[in-house]
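Structural features, examined
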Amino acid sequence: MMYKGYLIDLDGTMFNGNEVIDGAINFIDRLNVSGIPYLFLTNNATRHPEEILQKFETMGFTTTVNHITRRQLQ
């Protein structure tokens, strides 16, 4: 079953610290190829989306800053 879009948590879902979760890169690649929308969500206010993108690129993910958002919990 395919969903219309995905909201994806970061730590523990895409990576643990500096280690990629098995299958995470392949999953994002499949979303990109299929044109399925997705958005990475984080409540970590210490990193800007551009910094998160840089970490993703270093780990081997192909995505854009437009797929990353952060929300500060109050």
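See above for the structure.
Not measured: the values here are computed from a predicted model. (Residues numbered from 1 in each chain as written. Predicted model: local features only at pLDDT ≥ 70, side-chain atom pairs only at ≥ 80, totals over all residues. Heavy atoms only, no water.)

A word on the side chain of T63. Looking at the element boundaries, T63 is found in the loop between helix 2 (49-59) and strand 5 (68-70). A residue is classified by how much of its surface remains accessible, and T63, at 11% relative accessible area, is buried. At 2.9 Å, the side chain of T63 forms a polar contact with the side chain of Y38. For T63, the side chain forms a polar contact with the side chain of H67, separated by 3.3 Å. Ignoring any residue separated from it by four or fewer positions in sequence, one finds T63 in contact with Y38, F40, L53 and F56. (Helix = DSSP H or I, 4+ residues; strand = E, 2+ residues; numbered from the N terminus. Buried < 20%, exposed > 50% of the residue type's maximum accessible area, 1.4 Å probe, protein only. Polar contact = N/O pair within 3.5 Å; in protein donor to acceptor, adjacent residues only side chain to side chain. Contact = heavy atoms within 4.5 Å.)

What you see with strand 1 (residues 6-9) is a clean split: Y6 and I8 sit on the buried side and L7 and D9 on the side with no burial. By the bridge criterion, four bridges tie strand 1 to strand 4 (residues 38-42) in an arrangement that is parallel. The residue of strand 4 that forms the bridge with L7 is L39. (Pairing = 2+ DSSP bridges.)

Don't take any of this as a statement about function, it's just geometry.
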